[in-house]
Amino acid sequence: MKQEEFIELAGGTFKNNEYYNDWGGKDKYENFWAFFESDYKYVKAIYSGLDINSLRQMKLHSIEHIFPKGTLKKYLELKNEKEDIIKGATTNPINFAAEHRDLNNERGHLPFEIENDKIIRQIRLTPPAYYTDWGRDHENEWIVPTISRGNVARTMLYMSLTYKVRDLFQEHLNTYIYWAKSDPLTHWEIEFNQWVYEKHKIKNPFCDDSTEMVKLLDDTELFQNLLVENRINN
């Protein structure tokens, strides 16, 4: 599959007329938090593993952009991309994950750690985190909990493909593909992907079906335009 075919399968590149920072609480609620009024109140925050419903009740919830919105914005601006594309990149709900407010701030724009380095920094959360294998390593990279690595990888690959971000080295691509394969799709991912499609007519093709996901991940042609090496050579 070619990259343009993937984008078409995904429903196109998500566009918007507002940046995420222009959104109020109602906008964020309608595009993400409202989904937790469903039967999925048991869903855990992506890094800490804390119960989302509890975080909301304590007003400690926030929306984590898995692919940092500031990084996306700068990259697309340098490419002279259209403004509605740049705004869409910061508000694409497929790039949203629930997290504790303090932990979201701690991660910031840090790149993900892919070499299984040890954690050297964690912060104390109230209430205490349910997952424990997260934090910063010695290179100031962000360590993703094993249980969430598939979710992160599928989102990073989707965002890179649909916004044509050539910013991965081969080892990063290999790691994301491995994470996506080794950490199976959950019912929550599939249901949320369907919810986003019903609301915005976009979807993450990696979250449709496990069999189709593996087929896409094995398609080397699909990913060739994501690599920094290819960007430099071309």
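Summarised in this report is the structure supplied together with it. Because the structure is a prediction, the values reported are computed rather than measured.

**Remarks on the overall build of the protein**
Then, number 1: For the protein, the helix and strand inventory stands at 12 helices and four strands.
Then, number 2: For a compact globule of 234 residues, the expected C-alpha radius of gyration is about 17 Å, and the protein comes in at 17 Å, within 12% of that figure.
Then, number 3: Across its three principal axes, the protein shows a C-alpha extent of roughly 50 × 40 × 35 Å.
Then, number 4: The burial tally for the protein puts 53% of its 234 residues in the buried class.

**Observations concerning unusual backbone geometry**
Then, number 1: Of note, the amide linkage connecting Thr126 to Pro127 takes the cis form, showing an omega dihedral of -5 degrees.
Then, number 2: Structurally, Pro127 is set in the loop between helix 6 (101–107) and strand 3 (135–136).
Then, number 3: Of note, Asn116 is a non-glycine position whose phi angle comes to about 60 degrees, a positive value.
Then, number 4: Position of Asn116 relative to the elements: it lies in the loop between helix 6 and strand 3.
Then, number 5: When its relative accessible area of 61% is taken as the criterion, Asn116 is described as exposed.

**Some points on the nonpolar core**
Then, number 1: If you look at the biggest cluster of nonpolar residues, it comprises 69 residues, and the most contacted ones within it are Phe112, Phe206 and Phe223.
Then, number 2: Per-element tally for this core: the top contributor is helix 7 (residues 149–162), with seven residues.
Then, number 3: With residues up to four places along the chain from it excluded, the contact list for Phe112 reads Tyr47, Ile66, Arg107, Glu141, Trp142, Val144, Val152, Met156 and Tyr176.

**Re a negative patch on the surface**
Then, number 1: Residues Glu115, Glu139, Glu171 and Glu229 make up a contiguous surface patch of negative charge.
Then, number 2: Of note, Glu115 is situated in the loop between helix 6 and strand 3.

**Topic: the pattern of salt bridges**
Then, number 1: Tallied over the entire structure, the rule returns 12 salt bridges.
Then, number 2: Among the ionic pairs, Arg101 bridges to Asp102, the shortest N-O distance being 4.0 Å.
Then, number 3: Note that Arg154 and Glu189 form a salt bridge whose closest N and O atoms lie 2.9 Å from each other. Residue Arg154 is found in helix 7, and its partner Glu189 is found in helix 9 (residues 187–200); the two are separated by 35 residues along the sequence. Assigned by exposure class, Arg154 and Glu189 land together as buried.
Then, number 4: One network of salt bridges, in which partners are shared, links Glu106, Arg121 and Arg136.

**Describing the environment of Ala153**
Then, number 1: Along the chain, the position of Ala153 falls in helix 7.
Then, number 2: It is 9.2 Å that separates the C-alpha atoms of Ala153 and Ile66, two residues lying 87 residues apart in sequence.

Definitions and limits used
- Starting afresh in each chain, residues are numbered from 1 along the sequence in its written order.
- Per-residue local features are limited, in this predicted model, to residues with pLDDT of at least 70; the limit for side-chain atom pairs, both in listing and counting, is 80 or more; totals at the level of whole chains, interfaces and linings are taken over all residues.
- Computation of side-chain values covers all heavy atoms of the structure but excludes hydrogens and water.
- The helix count covers DSSP runs of H or I at least four residues long, the strand count covers runs of E at least two residues long, and both are numbered beginning at the N terminus.
- Here the globule rule reads 2.2 Å times residues to the power 0.38, and the radius of gyration is calculated from C-alpha atoms.
- Only protein chains enter the calculation, and the probe is 1.4 Å; a residue is then buried if its accessible area is under 20% of its type maximum, exposed if over 50%, and partly exposed in between.
- Put simply, a nonpolar core is a bunch of buried Ala, Val, Leu, Ile, Met, Phe, Trp, Tyr and Cys residues held in one set by side-chain atoms that sit within 4.5 Å of each other.
- Residues are treated as being in contact if the distance between any of their heavy atoms lies within 4.5 Å.
- Each patch is built from residues lacking any salt bridge and having more than 30% relative accessible area; the joining distance is 9 Å for like charges and 5 Å for nonpolar side chains (Val, Leu, Ile, Met, Phe, Trp, Tyr).
- Calculation of accessible area relied on Shrake-Rupley with a 1.4 Å probe; when residues are assessed, cover is drawn exclusively from the protein chains displayed.
- Each salt bridge in this description consists of a side-chain nitrogen of Lys or Arg and a carboxyl oxygen of Asp or Glu lying within 4 Å of one another.
- We treat Lys and Arg as the positive residues and Asp and Glu as the negative residues; His and chain ends play no part in the count.
- In this description, the location of a charge corresponds to atom NZ of lysine, CZ of arginine, CG of aspartate or CD of glutamate.

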